[in-house]
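The residues making up each chain are set out below.
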Amino acid sequence: MLDLDEMKQRWAEHDRKLDQSIRLNRQLLSAVKLNKARSALQRLAAFQGLEAAIQLVVVVALGSFIYDNIAMTRFALPAAALDVFAIAILIGMIRQIAGALRIDYDKPIATIQKQLEGLRVLRIRYIQGIFLVAPLAWTPLQIVALKGFWGVDAYRLFGIPYLVANLLLGLAIIPLGIWLSKKFSDRMGRSPFFQRLMKDLAGYNLNAATGFLARLSEFEDENLAK
């Protein structure tokens, strides 16, 4: 029969192995969650890369239109305005790609979550910027699209007063949108619908990565509390 000291040694060895097994399981779970977060952000970067490639084609096409119509200011200027807008969108896409690829998964979970939050804010501001400027871009888009695709002169088709009125309306919408955003931001921030909308604007893959890290953070907090 085993004496008391030998039984204690065996129990201690059993506890040590059990503790090692638990730590290993925790490490494996952490690795799985981090890999899921990394995969989600890699998909985000890949999709943004594809969109950026398409956007680059738009930038080049507008540049070509400007070159072809450089002698006609009424067409070249709207195209130049659109090209500046398109370049700004392209820069925003590249910044998001760089932010997604720059995240260091060897850092603590809290640090990774902070980087993800910065990326989420960047994407939301990018979407907000597009929505704010889009009304102003509508009039130049009509002029360039009609001329570029169908050879139609929008100035003759609609008349200058109509185009000027559309441009002024677009200009008026921008400060109105900013004012509404500031006035109702606190109220909307407490709204579950608006919170879901902001998450949707942040992008599915970015939300997925944030969710994986949030669950991993909760798991680590539970382990520390035990």
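Residues numbered from 1 in each chain as written. Predicted model: local features only at pLDDT ≥ 70, side-chain atom pairs only at ≥ 80, totals over all residues. Heavy atoms only, no water.

Trainee: Before we move on, could you go through the overall build of the protein and cite the residues and values that matter?
Mentor: Counting secondary structure elements, the protein contains seven helices and zero strands. The secondary structure elements of the protein, listed N-terminal to C-terminal, are α-α-α-α-α-α-α. Scored against the burial criterion, the 226 residues of the protein give a buried share of 31%. Restricting to contacts in the protein with at least 6 residues of sequence separation, those with at least 24 account for 77%. (Helix = DSSP H or I, 4+ residues; strand = E, 2+ residues; numbered from the N terminus. Buried < 20%, exposed > 50% of the residue type's maximum accessible area, 1.4 Å probe, protein only. Contact = heavy atoms within 4.5 Å.)

Trainee: Can you explain the pattern of salt bridges? Please cite residues and give values.
Mentor: Overall, the coordinates contain two salt bridges when judged by the stated rule. Between D153 and R74 there is a salt bridge whose closest N-O contact spans 2.9 Å. Of this pair, D153 sits in the loop between α3 (109-150) and α4 (154-158) while R74 sits in helix α2 (residues 73-101); the two residues are 79 residues apart in sequence, bridging distant segments of the chain. Residue classification places R74 among the partly exposed positions, given a relative accessible area of 37%. The residue R156 makes a salt bridge to D153 at a minimum N-O spacing of 3.8 Å. Among the residues examined, R156 registers a relative accessible area of 71% and is labelled exposed. Where salt bridges share partners, they join R74, D153 and R156 into one cluster. (Salt bridge = Lys/Arg side-chain N within 4 Å of Asp/Glu carboxyl O.)

Trainee: I'd like to hear about a nonpolar patch on the surface, residue by residue, with values.
Mentor: Among the surface-exposed residues, I160, V164, L167, L168 and L171 lie close enough to one another that they form a single nonpolar patch of about 430 Å² accessible area. Along the chain, L168 turns up in helix α5 (residues 160-189). According to the relative accessible area criterion, L168 is exposed, its value standing at 52%. (Patch = residues over 30% accessible without salt bridge, like charges linked within 9 Å, V, L, I, M, F, W, Y side chains within 5 Å. Areas by Shrake-Rupley, 256 points an atom, 1.4 Å probe, with all protein chains shown as cover.)

Trainee: Any chance you could break down the packing of aromatic side chains for me, citing the residues and the numbers?
Mentor: This model, assessed by the stated rule, comprises three aromatic pairs. Between F149 and W150, the ring centres sit 5.7 Å apart and the planes meet at 55 degrees, which makes this aromatic pair tilted. For F149, a relative accessible area of 69% corresponds to the exposed category. Take W150: its relative accessible area is 62%, and that puts it in the exposed class. (Phe/Tyr/Trp six-rings, centres within 6.5 Å; stacked < 30°, edge-to-face > 60°.)

Trainee: Which residues make up the side chain of D153, and what values do they have?
Mentor: Assessed through its relative accessible area of 14%, D153 is described here as buried. Contacts of D153, omitting those with residues within four sequence positions, involve R74 and F75.

Trainee: Tell me about α3, and name the residues and values.
Mentor: Considering bend angle alone, the principal kink of α3 is centred on A134 and spans about 45 degrees; proline P135 follows within four residues of it. Backbone geometry just after α3 places G151 at a positive phi near 65 degrees. (Bend = angle between axes of the 7 residues up to and from the residue.)

Trainee: Could you give an account of the confidence of the model for the protein, with specific residues and numbers?
Mentor: Here the protein averages 77 in pLDDT, while 64% of its residues score no lower than 70. No element of the protein has a lower mean pLDDT than helix α6 (residues 192-202), at 55, and none a higher one than α4, at 95. Here residues 24-29 is modelled with pLDDT under 50, and outside its nearest four sequence neighbours on either side it reaches three contacts, counting other chains as well. (pLDDT = per-residue confidence, 0-100.)

Trainee: Which residues make up the nonpolar core, and what values go with them?
Mentor: Grouped together as the largest cluster of nonpolar side chains are 31 residues, with contacts concentrated most on L41, I103 and V144. Among the secondary structure elements, those contributing two or more residues to this core are α1 (4-68), α2 and α3. In terms of residue count, the dominant contributor to this core is α2 (10 residues). With sequence-adjacent residues up to four places away left out, I103 is seen in contact with L41, I112, Q115 and L116. (Core = buried A, V, L, I, M, F, W, Y, C linked by side-chain atoms within 4.5 Å.)

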